[in-house]
Amino acid sequence: SFLKAEDDGCGDIRMAEPLCCPSDDGGGTCSFCKGLAVDSEKPIPETEFTCGDLSGFAVYLDGGSEDCANIMLAEALCCQANEEEKPAGPCGFCSEGLTADADTPLPAASDGVSYTCGQLAEFVGLYNSDDDECKEMLLGEPFCCPKSDSCGFCSEG
C-alpha cells in the first residue's frame, strides 16, 4: 500500500471507511435516526452539541463502535417521525427481547428512579411509541439489548 499505518494520512483516510466499505453484517456507518428527520437545531442537554452535530458525527462512526452506541442514546430526543407515518404503535423498547441480564441497573430516569432492564421490559406494553415515557425507555436499549455489530476496514474486500 502507498500509506503506512503510522502515517497521518492513513488516519484521515480511515475516517471514510464506513462510507466507502459498507459491510453486509449490519456494521458500517452508525445509523443515527436512520430514515427519520433530525431536529438539527435541538440542543443536547449538558453539552455544547446539537442533534445536527450528532447526526454529522454519526456518518464517520462504525455502527458497532462505543461512540456510535453513545450517540444512539440521543435518538429519542433528536429523531422526528415523518409526517405521513401512521399513528403511533406500541413502544418498541428491546422489541427482540433483552440481551442483558434483567437485573442490569440503568441510570436514573427523569423521575429520579433507577430502573432495571427487567422492569422496563415489564412496563413497555403500557406505552405507545410517541409517549415521552417510551422515548425515555428507548434510551436504555444500549444497556438492555445492545447490538453486537462491527465492521473492519473493507475486511470483506
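Residues numbered from 1 in each chain as written. Predicted model: local features only at pLDDT ≥ 70, side-chain atom pairs only at ≥ 80, totals over all residues. Heavy atoms only, no water.

Tell me about the state of the cysteines, and name the residues and values.
Taken as a whole, this structure holds six disulfides when the rule is applied. The disulfide partner of cysteine 91 is cysteine 134, and the gap between their sulfur atoms is 2.1 Å. Negative torsions about the S-S bond denote left-handed disulfides, and the value of about 85 degrees found for cysteine 91 with cysteine 134 makes this one right-handed. Of this pair, cysteine 91 sits in the loop between strand E2 (79-80) and helix H6 (117-123) while cysteine 134 sits in helix H7 (residues 132-138); the two residues are 43 residues apart in sequence, bridging distant segments of the chain. By the burial criterion, cysteine 91 is buried, and cysteine 134 matches it. In this model, cysteine 94 is linked to cysteine 145 through a disulfide, with the two sulfur atoms separated by 2.1 Å. (Disulfide = S-S within 2.5 Å. Helix = DSSP H or I, 4+ residues; strand = E, 2+ residues; numbered from the N terminus. Buried < 20%, exposed > 50% of the residue type's maximum accessible area, 1.4 Å probe, protein only.)

Before we move on, can you summarise helix H3 (residues 51-58) with the specific residues and values?
Listed in full, the buried residues belonging to H3 are Cys51, Leu54 and Ala58. Viewed along the axis of H3, the buried residues span an arc of 60 degrees, placing them on a single side of the element. In this structure, the buried side of H3 is in contact with strand E1 (37-38), helix H4 (66-72) and helix H5 (75-78). (Arc of directions from axis to C-beta. Contact = heavy atoms within 4.5 Å.)

So what's going on with the packing of aromatic side chains? Residues and values would help.
Geometry of an aromatic ring pair is reported as the spacing of the ring centres plus the angle between the planes. One pass over the full model with this rule turns up two aromatic pairs. A ring pair is formed by phenylalanine 49 and phenylalanine 57, whose centres lie 5.4 Å apart and whose planes are at 85 degrees; its orientation type is edge-to-face. Look at tyrosine 115 and phenylalanine 123: their rings are 5.7 Å apart centre to centre, the planes differ by 90 degrees, and that puts the pair in the edge-to-face class. (Phe/Tyr/Trp six-rings, centres within 6.5 Å; stacked < 30°, edge-to-face > 60°.)

Please provide a residue-by-residue account of the environment of glutamine 80, values included.
Here glutamine 80 shows up in strand E2. As for glutamine 80 and glycine 35, which are separated by 45 residues in sequence, their C-alpha atoms are 9.6 Å apart. For glutamine 80, the residues in contact, after removing those within four places along its chain, are Leu36, Ala37 and Asp39.

Requested: an account of the nonpolar core, with residues and values cited.
With 13 residues, the main nonpolar core has Phe32, Ile44, Leu54, Ala74 and Cys78 as its most contacted residues. Residue assignment for this core shows that the elements contributing at least two residues are H3 and H4. Here this core gets three residues from one element, more than from any other, and that element is H3. Sequence-distant contacts of leucine 54, that is, excluding residues within four places in its chain, are made with Phe32, Ile44, Ile71 and Ala74. Phe93, Val124, Cys144 and Cys145 belong to the second-largest nonpolar core, a separate cluster that totals eleven residues. (Core = buried A, V, L, I, M, F, W, Y, C linked by side-chain atoms within 4.5 Å.)

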